[in-house]
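One-letter residues, chain by chain:
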Amino acid sequence: MTWFTRWAFGNKAAVMLIVALSLVVGIFSYATLPMELLPEADNPQVTITTIGPSKDARTMEQQVTTPIEEAVLSVKGKSGMFSQTGDGFSQINMNFDSKTNMKDAKAEVQEAIASLQFPEGVMNPFVLQLNTSMIPVAQITLAFEGGLTDENVKRVEDTVVPAIQKLDGVSNVVLYGKTTPKIMIEPNMQKLTELQIPVQAIYSVLEGKEVSVAIGEQNIDGMSGNVKVQAEVQDLSTLKKLPLVPGVVLEDVANVRTTSGQESISQLNGNDILFMMVSKEANANQVAVGHAVEQRLEELNGDIEGADFNMLMNTSDTIQSSVNHMMQEVLLGALFATIVILLFLRNFKATLITAVSIPLSLGITLYLLSLSGVTLNIITLGGVAVAVGRLVDDSIVVIENIFRRMQKEALSKELILNATREVAGAITSSTITTVVVFLPMGLLRGSLQDFLLPFALTVSYSLLASLLVALTVVPIMSAWLLKNSKLKEHQPSKRFASFLKWNLDHKWLPLVLSVALFVGSIWAYAAMPKGALDASDATFMTAGMEFESDTPIDTVIAKGQEFAALLQGQEGVKYVLMEQGNNAELAQWGEVDSPTNVTLTMVMEEDGDAQAVIDLIENQKPNYENAQLSVGQLSMMGSTSTNINIDLLGGTEEERRAAAAELVQKIREVEHVEKVSSNMDATKPVFYFNVDPTAANAQQIAMQLQMMLNPVPIGSIQLEDAEAQVLVDAIVKPSSQQDLTSMQIQTEQGLVPITSVASFEETEEATVRYHKDGKDYIRVSASAVAEQLSVVGADMNKIVNDMEVAEDLEIVVGGASADQMQDLMDLFVTMLLSIAIVYLVMVMTFKTIRAPLAIMFSLPLAFIGAVLGLIITGINPDFTAAFGVLMLIGIVVTNAIVLIDRVRHNEETMTIRDAVLEAATTRMRPILMTAIATICAMMPLLFMKTEMGNIVSQSLAIVVIGGLTTATALTLIIVPVVYEGLYFRKSKKQRKAQAALANGETHSV
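Residues numbered from 1 in each chain as written. Predicted model: local features only at pLDDT ≥ 70, side-chain atom pairs only at ≥ 80, totals over all residues. Heavy atoms only, no water.

A. Quick look at empty space enclosed by the protein. All chains considered together, the criterion is met by three cavities of 30 Å³ or more. Roughly 70 Å³ of internal volume is contained in the largest cavity. Looking at the largest cavity, the residues that line it are Val386, Ala387, Arg390, Thr434, Phe438, Val459, Leu463, Met887, Ile891 and Thr934. Those elements that place two or more of their residues in the lining of the largest cavity are α14 (378-387), α17 (446-481) and α30 (879-906). A breakdown of the residues in the lining of the largest cavity according to their chemical character gives seven nonpolar, two polar and one charged. Approximately 50 Å³ is the volume attributed to the second largest cavity. (1 Å grid on protein atoms, 1.4 Å probe; cavity = no way out; pocket = protein on both sides within 12 Å on 5 of 7 lines; lining within 4 Å. Points joined across faces, edges and corners; volume = space filled by probe spheres on them. Helix = DSSP H or I, 4+ residues; strand = E, 2+ residues; numbered from the N terminus. Nonpolar A, V, L, I, M, F, W, Y, C, P; charged D, E, K, R; others polar.)

B. Structural view of the sheet that holds strand β24 (residues 712-719). Across the sheet, which stays open at both edges, the four strands sit in the order β12-β7-β25-β24 with mixed pairing between neighbours. Each end of this open sheet is capped by a strand with a single partner; those strands are β12 (254-259) and β24. Mean inter-strand twist for the sheet, computed between neighbouring axes without regard to direction, equals 25°. Where β24 and strand β25 (residues 722-728) come together, seven bridges link them in antiparallel fashion. Note that in β25 the partner of Ile717 across the bridge is Ala724. (Pairing = 2+ DSSP bridges. Axes fitted to C-alpha atoms, helices over the stretch in contact; angles between N-to-C directions.)

C. The arrangement of the sheet that holds strand β6 (residues 170-176) in detail. Across the sheet, which stays open at both edges, the four strands sit in the order β6-β15-β5-β16 with antiparallel pairing between neighbours. Here the strands that pair on one side only, and so sit at the sheet edges, are β6 and β16 (307-314). Across the sheet, the mean angle from the axis of one strand to that of its neighbour is 20°, orientation sign disregarded. The strands touched by helix α5 (residues 150-165) are β5 (138-144), β6, β15 (274-280) and β16; relative to β6, the strand with the most contacts, the crossing angle is about 165°. Its contacts with the sheet place helix α10 (residues 286-303) against β5, β6, β15 and β16, and it is angled at close to 165° to β16. (Contact = heavy atoms within 4.5 Å.)

D. Structural detail: a positive patch on the surface. Taken together, Arg6, Lys12, Lys413, Arg421 and Lys483 make up a surface patch of like positive charges. Within the secondary structure, Lys483 sits in the loop between α17 and α18 (494-505). (Patch = residues over 30% accessible without salt bridge, like charges linked within 9 Å, V, L, I, M, F, W, Y side chains within 5 Å. Areas by Shrake-Rupley, 256 points an atom, 1.4 Å probe, with all protein chains shown as cover. Salt bridge = Lys/Arg side-chain N within 4 Å of Asp/Glu carboxyl O. Lys, Arg positive; Asp, Glu negative; His and termini not counted. Charge placed at Lys NZ, Arg CZ, Asp CG, Glu CD.)

E. Quick peek at the pattern of salt bridges. Counting across every chain of the model gives 22 salt bridges. The closest approach of N and O atoms between Asp802 and Lys798, which form a salt bridge, is 3.1 Å. One end of the pair is Asp802 and the other is Lys798, both in helix α26 (residues 789-802) and four residues apart, which spans about a single turn. Each of Arg404, Arg405, Glu409, Glu422, Arg902 and Glu918 takes part in salt bridges that share partners, so that together they form one network.

F. Expanded view of the pairing of strand β26 (residues 744-747). Only one face of β26 is buried, namely the one carrying Ile745 and Thr747, since none of Gln744 and Gln746 on the opposite face is buried. Examined bridge by bridge, β26 and strand β27 (residues 750-753) share four bridges and lie antiparallel to one another. Bridge assignment links Gln744 to a residue of β27, and that residue is Pro753. Between β26 and β27, which follow one another and run antiparallel, lie two residues. (Buried < 20%, exposed > 50% of the residue type's maximum accessible area, 1.4 Å probe, protein only.)

G. Geometry of the pairing of strand β2 (residues 78-86). Across eight bridges, β2 lies against strand β3 (residues 89-96) in antiparallel orientation. Residue Phe82 lies in a different strand from β3, and its bridge partner there is Asn93. Taking the residues between adjacent antiparallel strands as the criterion, β2 and β3 are bridged by two residues, where Gly88 takes a positive phi near 85°. Here β2 pairs with strand β29 (residues 768-772) via five bridges, running antiparallel. In the strand pairing of β29, Phe82 is matched with Lys772.

H. Spatial organisation of the packing of helix α12 (residues 348-355) against helix α15 (residues 393-406). Close contact between α12 and α15 brings their axes to 9 Å; oriented N to C, the two are set at 150°. With respect to α15, the axis of α12 lies roughly antiparallel. Once α12 is placed against α15, the crossing between them reads as right-handed. Residues Ala350, Ile353 and Thr354 of α12 form the contact with α15, whose own contacting residues are Ser395, Ile396, Ile399 and Phe403. Of the residues contributing to the contact of α12 with α15, the split by class is five nonpolar, two polar and no charged. (Parallel < 35°, antiparallel > 145°, perpendicular 65-115°, else oblique. Left-handed = near helix turned anticlockwise from the far one by under 90°.)

I. Focus on helix α24 (residues 698-709). Under the 1.5 Å per step criterion, the end-to-end length of α24 is 16 Å for 12 residues, consistent within 8% with the ideal 16 Å. Those residues of α24 that are buried are in contact with β23 (683-691) and β26. One side-chain oxygen at the N-terminal end of α24 lies 2.9 Å from the backbone nitrogen of Gln699; it belongs to Asn697. (Expected span 1.5 Å × (residues − 1). Polar contact = N/O pair within 3.5 Å; in protein donor to acceptor, adjacent residues only side chain to side chain.)

J. Seen up close, helix α33 (residues 984-998). Over its 15 residues, α33 runs 21 Å from end to end, which matches the ideal 21 Å to within 8%, given 1.5 Å per residue. Of all the positions in α33, only Ser987, Gln990, Ala993 and Ala996 are classed as buried. Those residues of α33 that are buried lie in contact with α31 (912-942) and α32 (954-982).

K. Representation of the side chain of Ser594 within the structure. Among the secondary structure elements, Ser594 is positioned in the loop between α21 (584-587) and β19 (597-604). Overall, the relative accessible area of 16% leaves Ser594 in the buried class. At a separation of 2.9 Å, a polar atom in the side chain of Ser594 contacts the side chain of Thr596.

L. Seen up close, a negative patch on the surface. Where like charges cluster on the molecular surface, the negative patch consists of Asp317, Glu571, Glu605, Glu606, Asp607, Asp609 and Asp615. Its location among the elements puts Glu605 in the loop between β19 and α22 (610-620).

M. Region of interest: the environment of Asn124. Mapped onto the elements of the fold, Asn124 is located in the loop between α4 (102-113) and β4 (126-128). Among the residues examined, Asn124 registers a relative accessible area of 59% and is labelled exposed. C-alpha separation for the pair Asn124 and Ala114, spaced 10 residues apart in sequence, amounts to 9.0 Å.

N. Broad picture of unusual backbone geometry. A positive phi angle is found at Gln196, which is not glycine, with a value near 55°. On the secondary structure map, Gln196 appears in the loop between α6 (189-194) and α7 (200-203). Within the chain, Asp773 stands out as a residue other than glycine whose phi angle is a positive 55°. Structurally, Asp773 can be placed in the loop between β29 and β30 (775-784).

Now the structure itself:
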């Protein structure tokens, strides 16, 4: 690798020009790189959502869910399928393996269900496949002082939407929450009876009134023209005047009125709202677009009288905050690393030479990220923050070796070349080993790879850039800046040399202690609870109200509004968004819920106390005994769930129910479980009319009851430039079982009580029905404390394993704990691959097996410190902590490589014992400098606020700092001990020969 150094000395002007260009292109790349919250990643799931207003759960299951499940059974790449069906909705989630192209999977699902026919009133299914790029730039709520009148909605459509759409970088603006006007006809049964008019006359009132018929072409006055007949009902008054029978019009026997046709409730701080979602163009800067939208919204608020437009969520603020926080950590880390170098070398010029590698490496890294199509997001910035301390390592080793040589001889080009050559192999090998640690990330599954690959590329680019700088820029700057520098010779530590010699003479003691510590750390880690990845943001809070399934909808809405008003009065709460019910717009995004549930989203002020809101909601639970209240921090990441699911499949329904009841009872006794629920809990009464097929036609009775008990659409008319659906309201509105059973129906024998042809039965049935791979199943869910996820998961597994159930009943534990174990297992496999690749690189470097084996002993030493750090800080390990261990594989072997490389060179002129002692004492200073610089550079990460979705967390910093601290301290002892132990016979023979020479005997070595 000294070719780079010689080339640099021969082309100094070109090197300086490249340095300047690197800084310029780095700044330019930083300014032009698209800023996003997260890298683009597919969710390996396709969701099929269908809305069927007024349809009960069993009907939706039989006529919607089951046909869809059967249609998509053969879709390629499918790893599992779950569905839930409730009153008025059906949702099917199809999971796919990591190799599946999700765009192709979505297209195949759409094609599979395209030919299905559904009952009248059921909307066509919405097929959704989510990607992080679909996160909108802004979510805006639009309200007016006068409410959402037709005039105000039109102002939004004609003024607000175009104003936002015209902004640079805006790709799409979608408006949600508009209501379609409906006309309700309420028959007056008493007047109809008096006038002897059948109710069927109202159902056919629009027949022949809305037509446009082409009669044909005729020659009229010498010209050819078309003859057409048309009629149109253009307003409500015309509809009211439509005749039913001679002398009687519609308004004589019915009340005709307009309604909003609102299917769901969305209110912000008590006011009805429209939603606006703003998406950006593919290459647009998310921060710039977000700020432009925010500015335009402020202008519109001032220009439109009575407008109350609010930015409910602006991802540009989140990104800006993330970038600012991460850049702050990077700058602080660089400052701390520079201070460490200055304290060790005590030479400002040498410190400046080393510190230059940080901005140069970052500039090259940003340019390479730009070429690779990687955006600037919290993942790539996290990679920079982690790598910043490592950027100076190669330069430290080079400058320290030059520095040490200068203490004995005058500065010259040859001195610099020789000093660089001595360490070039070591720093190249150590950098490559760190880089190859991240190569197996390409083998990870799905979205995990999408998140980790940009991180790996960032770290790899920065480390390779720092190696290039260390081999070219640092030697040239040393030749310029270190001229006439007088340096005091550095004396190796005699105490350390004596301590190391004692350990070499008593190898068994440090080795036994190291093994004991390693085994103890493994036991401690196994006993530690593994937490869920914290991706929450206290700026957003969410609360849920889950009412009994038989609660009237009016009561649900009233109680939800009451609770929203209470939250709105809480100090520190800026907005309260209340949502209830289902509609087609939300269904497009896979958002459906039971109509008896209310969701409340709170946007907090900057200094708002989120814990106070949580405490308020917890204290309100006794006041809402008929509803289950839940509260938590809202996350934009789907991986923060702490629900552990136990699915019961097969067997009979009675066996599943009995096993589920037993599970619920046992899980309630498990510590750290916050809530236990089962999908068989929610039931509501279902009233059956069992028709005697010999007495009446069941299909005809069902059609009559449908018309009697539900609004029936009979057509549509144009109403104020909008098409309005016309419905005949329910004729009968029973409020008791007696009302229901006393209804009269038409049969071949005439008008008879329904109970004369059908028996009446009342049962309790589940309001939500669940399928797994098309089969009925029961799911028991337990919400665990995030920090104790693995402990609760282990307890649940033990409960399941100890249960005695029917042979054909299968119990499967899944959910957050299973996902966590899968992610950790994937990462563990990646670690093994990384270790194998690192060892291979070192074998190729040292051309022997035993020397790299000694270096690999630094890895268990790092694990000791990682676990110790977690124990001391009281932080439970999560996925990011495990990722920190993966990083340590590449970091800790660096020091051991620098040490063993020196030992191997020394062996050309020394015995193994002397080579080890000289290398350890000589390399102790650069090893400590690089380790402490890296540790200090990561210190700011210990105190940083974890941003949403960021894998650079406090636990990762603790693992890296703890592991590097112990690995550095023990590497200087254990690695030399292991190395000499691997060459024990040769070393012992050399020492005997050396002792014989010292005693005057003539034995050859």
